[in-house]
Amino acid sequence: MKVGRRRFLAFGIGGAVGTALTPLPWKLMDDISIWTQNWPWTPVPPKGVVSHVNSVCTLCPGRCGITVRKVGDRVVKIEGTKGHPVNDGGICLLGLSGPQFLYGPSRVRSPLKRVGKRGEGRWEAISWEQAVSEVAKRMGELRAKAEPHTVGCLLPEDRGSVAQLFARLLTVYGSPNVMRRPSIEDTYEMALYQTHGIIGRPGFDLQKTTFLLSFGSGYLQGWGSPVHMFRAHSHLLSNSCRVVQVEPRLSISAAKADRWMAVKPGTEAALALGLCHVIVKESLYDKAFVDKHCQGFDAWTDEQGQKQPGFKELVLGNFTPATTAEITGLKQADIIELARNFAKASRPLAICGRGNGSVPGTLGEFMAVYALNALVGSVGRSGGVLALPEAEYLQWPAPEMDEVAAKGMQQQRLDGAGGDKYPLARYRTSYLAALLKGGGYPLKMLLVAGENPVYDLPGSTELKKALADIPFLVSFSSFMDETAAMADLVLPNHIYLERLEDVPPVFGLPKPLLQLCRPVTAPQFDTRHTGDVIIQIARALGGGVAAAFPWPDYESCLKQVLGGHFARLHKDGYLEGRVPELRFETASGRFEFINTEYKAKPAYTPVIPQGDKGVFPLVLTGYDSMRLAGGAVADSPFMVKSVDDTVLKKGDVLVEVNPHTAGQQGLAEGDAVVLATPAGRARVRVHLSHRVPPGMVAMPRGLGHTAYDPFIGGKGVNFNELIAPVPDPVSGLDAAWGIRASLTKV
Amino acid sequence: MKEEHRQDGPKKYGMVIDLDKCTGCGSCMVACMSENNAPFREDESDKLLSVAWLRLYKLTNGKPYPDTDVCYLPRPCMHCEGHNGHSPCVSVCPATATDYDSATGIVSQIYTRCFGCRYCMAACPYHARVFNWWDPVWPDGMEKYLNPDVSVRMRGIVEKCSFCYHRLQRAKDKAYAEGRREIREDEYQTACTQACPAGAITFGDLNNPKHAVYKLRKSPRAFRLLERLGTNPKVYYLSSREWVRRAGDNYLADEATGAGKHMAEHKG
């Protein structure tokens, strides 16, 4: 057929008109776009009756009130409870992540027994009966050999019914080795005891404070009860109050403060005493309070007739603005101005404990900050620091120890806490790696509940090796965390959304607050409440041990030990206590600047970071961020997703280095380097930042999980692998704010 | 709609974010992801590919230690009104998948209409829109927490912050069931506003003098992002720091910042 011009045009135009008129191509395009969007694997969330259940979030020590939104029996969202004394409707990332933890892929779905090599990840699912009997069998064997003290227990808390059930079990069984990780709460407790003679914890009346002076406390990075602190900070802002942050790095707390005082690292206590100097010298202190309530301000004569210098001489002699300026690197004029402003404020308050408070710090520093508060009369008054005595809200029947138990309990604690060397410390768990290797006796069994020491304790590389040598490791973790991955047995607990449990008072709140965590949904997997498991283990052990556990299950035990509180807690969810009157129970019956009994006093104790300056020219320090959970509870997929790309890029963590330091070392943004410290080495990337001073390397806590799932694990480096504890000579607790380090380009 | 069925004139929902209070903690991001069924992948560190309706930007004053300062800035969709509802994204959408609702001031996004041309992403000066390069996949059992009020988005479409529009619908339904015409200020709050632990976000009707946002946006600390583009955004920021306000737009060296200094006055 001949195709002429006319025919060609007719075909072309006809075709175009035909295509334009027929709906077929448009219909096909439309259908394709609809089809490709309706794959069966795109979930359609089922509808259901919406309900709200109130409980408490126990993922961090903050203990916020939560309102859980449910659709049918599904937990869909977690929101803060309006009007709750901790968080009044606010909630943090971790709290919001509850549903991801509840349904997450890292949940341990049944009791597991190790079948492969330790840490290999090969498990056999076993029944709860077998799991309980295996633990009881092991414990029974050790007790029969008169070695009950070689069983240890590691917990996140020592208050609350489950912790006390563990302690009760070990007491009647015969081991003094119940351990918990110490934090700033311990140092605050010591400082409170040294100054007030009261066993308890401080409360901070931030709603009425007019000037907040923070010595390195990450009040917006997880210090105290995080959401409570956020609320307090906003309240201070709305009321035009001043906030001053003393810290070497520009943390978010420093950035949000009205004034950031960039001190040399580790010298916060010197500044506190320098401020005391100015306040005393210029007679700006609250004379009425000091005269009426304080002891040890002026020189005094002790019981032996020895003359003792007072706090006044201590600060006037040693911490002149010139000296303080030299130690801290601040300007003299700034120190004097800060002291005057602080003293002249109507209700000033000073707080301390670095970062989120996981490192206890030195007792001298906490006493210095207490002394500063006392000088301005902010002890025991509204807007100041209050003393909340330890509330013994659980009433336990006294346990009876048999001969084996009594003998075991007389053994020295493995961590030496409360012994001759460190009489003030309750726990020295930060040194667990060293203690397991060189302690008085080997530990033959360790029960770990609610803690993740392999990840969370400083020197975690060493600790992992030391824990591998313990013949029997039992984890009660709800998740396959780093410690559970190494365990011989995993006895998974319900997570907080599935269980009933009392929640002991929160640190930092101005009033004691007792709460009850209530199940909001049925257990998702074959898990069991650790409280029930302890009772069952005790029963299986029989004899005197079983006799100390007369309860059929945890719930009846909780009801009995909570007594009259239970009904009210079950109804309201929480119970607020009263603020006690100002009182001192020291030997002098006053606030003691210098403790008359122990001679503990405010001091600047320089904590020298470990390592040789020649080999490690820089200093590594950790920082806390709300977007990463640094503790025993891991991050959630959402939290990891929220992390900036200047902190985490692909699998690499970025460490902050001052551009000046980076220039000296020939490093550029994003360079891969080996970060080495005396404790370990790791591959990281460089992020140039003016937030850190020259010579410092700052690294976030909360990354570098090796267990869990691919959404959480395998991202960056665990800070705890690179740090080692440094003891405060007085308290014995870890006071390391950093460690010497070097960066080498790879 | 008949005049007598109307509520008291059109609403203009907007947000005021106090950057002095905002700590950059990220709770707003996670609250948004949890409320709006955001997916997650193993590696979310490439932020151009990461599906998040609300992002936090870190601003810095660029000065050396110790004069350096940082500030975080949460960025939801600005729900630009432009001039008479001509938002940059709405104007370019060939599928009418995004629209400006003059009754609420909310810029909608209809996922099933969107065919993924991404013109809107190019037009948006705030990078508030994200494209789904992959179908969302939840680890086995994790899809249990998905919120039935918000549809799960599929590969090949663009999505963005909706000011939690489903919460407005829920509040309206409730008001209707109780025989009320008006919803109260606290009945419709976005997930990020509700979660913010610092109380930095305020949400409400910018047209209603009784709502907190009405007064707050007139604060001398108030500014908006890239105002001079004429986008007329409905998200206001507050900051007492001059360098933060300056970071919000391309100012001349001698130009002052703050409310009322520029064009784009609000038409109630």
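Residues numbered from 1 in each chain as written. Chains lettered and ligands numbered in written order. Predicted model: local features only at pLDDT ≥ 70, side-chain atom pairs only at ≥ 80, totals over all residues. Heavy atoms only, no water.

### Brief notes about the overall build of chain A
Rule in force here: The helix and strand labels rest on DSSP assignments: H or I over at least four residues marks a helix, E over at least two residues marks a strand, and numbering proceeds from the N terminus. Atoms counted for the radius of gyration: C-alpha only. Globule rule: 2.2 Å times the number of residues to the power 0.38. Summary of the burial criterion: residues with accessible area below 20% of their type's maximum are buried, those above 50% are exposed, and those between are partly exposed, where the area comes from a 1.4 Å probe applied to protein chains only. Here the accessible surface of atoms and residues is derived via Shrake-Rupley with a 1.4 Å probe, and residues count as covered only by protein chains that are part of the display.
Helix and strand counts for chain A stand at 26 helices and 30 strands. By the compact-globule yardstick of 27 Å for 746 residues, chain A fits well, its C-alpha radius of gyration being 29 Å. With the C-alpha coordinates of chain A rotated into their principal frame, the extents come out at 130 × 70 × 55 Å. The burial tally for chain A puts 61% of its 746 residues in the buried class. Here chain A displays about 27,800 Å² of accessible surface, and carbon together with sulfur accounts for 54% of that area.

### So, the interface of chain A and chain B
The condition that has to hold: Contacts are assigned to residue pairs that have any heavy atoms within 4.5 Å of one another. Note on definitions: buried area is the accessible-area loss of two parts on being combined, 1.4 Å probe, summed for both. Every case where a carboxyl oxygen of Asp or Glu lies within 4 Å of a side-chain nitrogen of Lys or Arg is listed as a salt bridge. Side-chain atoms alone can form a polar contact between residues adjacent in sequence; in general such a contact is a pair of N or O atoms within 3.5 Å, and within protein one must be able to donate a hydrogen while the other accepts it.
Contact residues are listed per partner, giving 70 residues for chain A and 70 residues for chain B. Summing the contributions of chain A and of chain B, the shared interface buries around 5,700 Å²; its carbon and sulfur component is 56%. In this structure, the connection of chain A to chain B is made through 4 salt bridges. B:Glu35 serves as the salt-bridge partner of A:Arg69, at 3.3 Å between the closest nitrogen and oxygen. At the junction of chain A and chain B, the tally comes to 28 residue pairs in polar contact (both at pLDDT 80 or more). Counting only elements with at least two residues in the side of chain A that touches chain B, the list comes to β2 (65-71), β3 (74-80), α3 (93-96), α4 (98-102), α8 (226-238), α9 (252-256), α25 (637-642) and β25 (648-649) of chain A. The leading source of residues in the side of chain A that touches chain B is α8(A), at 7 residues.

### Focus: the side chain of B:Lys21
Position of B:Lys21 among the secondary structure elements: in the loop between β1 (13-18) and α1 (27-35). A polar contact is formed between the side chain of B:Lys21 and the side chain of A:Ser238, at a distance of 3.2 Å. For B:Lys21, the residues in contact, after removing those within four places along its chain, are A:Ser234, A:Leu237, A:Ser238, B:Ala198, B:Gly199 and B:Ala200.

### Notes on the sheet that holds strand β8 (residues 201-205) of chain B
Threshold: By this definition, two strands are paired if DSSP reports at least two bridges between them.
Judged by pairing direction, the sheet is mixed, and its 4 strands sit side by side in the order β8-β1-β10-β9 (chain B) without closing on themselves. Either end of the sheet is taken by a strand with one partner, and the two such strands are β8 and β9 (222-223) of chain B.

### Quick notes on the layout of surface pockets
As a reminder of what qualifies: Here a cavity denotes a set of grid points, spaced 1 Å apart and computed over the protein atoms alone, in which a 1.4 Å probe fits but from which it cannot get out, and a pocket denotes an open set meeting protein on both sides within 12 Å along at least five of seven lines; residues with an atom within 4 Å of a point are reported as lining. Grid points are joined across faces, edges and corners, and a volume is the space filled by probe spheres set on the points. Note on residue classes: Ala, Val, Leu, Ile, Met, Phe, Trp, Tyr, Cys and Pro are nonpolar, Asp, Glu, Lys and Arg are charged, and everything else, Gly too, is polar.
For the largest pocket, the calculated volume is near 1,200 Å³. Together, 36 residues line the largest pocket, and A:Lys82, B:Arg167, B:Asp186, B:Gln189 and B:Gln194 are the ones closest to its centre. Elements with a contribution of two residues or more to the lining of the largest pocket: β1 (50-56), β2 and β3 of chain A together with β1, α4 (165-177), α5 (191-195), β8 and α6 (212-216) of chain B. Element by element, the count of residues in the lining of the largest pocket is highest for α4(B), at 4 residues. In the lining of the largest pocket, the residues fall into 10 nonpolar, 11 polar and 15 charged.

### Thoughts on the pairing of strand β3 (residues 70-75) of chain B
Put simply, side chains in a regular strand alternate between the two faces of the sheet. All names here are of chain B. With respect to burial, β3 is a largely interior element, 6 of its 6 residues being buried. Burial along β3 is two-sided: the face carrying Val 70, Tyr 72 and Pro 74 and the face carrying Cys 71, Leu 73 and Arg 75 are both buried. Here 6 bridges tie strand β2 (residues 55-60) to β3, and the two strands are oriented antiparallel to one another. Opposite Leu 56, over in β3, you have Pro 74 as the bridge partner.

### Some remarks on the sheet that holds strand β22 (residues 574-576) of chain A
The strands making up a sheet associate through backbone hydrogen bonding, with each pair oriented either parallel or antiparallel. Residue and element names in this part refer to chain A. Worth spelling out the cut-off: Under this scheme, a helix contributes an axis fitted over its contacting stretch, all axes are lines through C-alpha atoms, and angles between N-to-C directions fall in the 0 to 180 degree range.
Reading across from one edge, β20-β21-β22 is the order of the 3 strands in this open sheet, with antiparallel pairing throughout. Across the chains shown, the open sheet's two edge strands, defined by having one partner strand only, are β20 (501-503) and β22. Direction aside, the axes of adjacent strands within the sheet are offset by 15 degrees on average. Note: strand β21 (residues 513-517) against β22, 3 bridges, orientation antiparallel. Bridged to Leu 513 within β22 is Glu 576. Packed onto the sheet, helix α24 (residues 565-572) meets β21 and β22 and runs at close to 70 degrees relative to β21.

### Some thoughts on the confidence of the model for chain B
Residue and element names in this part refer to chain B. Put simply, the rule reads: One number per residue, pLDDT, summarises how confident the predictor is, and it ranges from 0 to 100.
Per-residue pLDDT for chain B averages 91, and the proportion of residues at 70 or more is 93%. The low-confidence segment residues 1-6 (pLDDT under 50) makes 2 contacts with residues lying over four places distant or belonging to another chain. With pLDDT under 50 throughout, residues 260-268 is counted as low confidence; its partners more than four residues away or in other chains account for 22 contacts.

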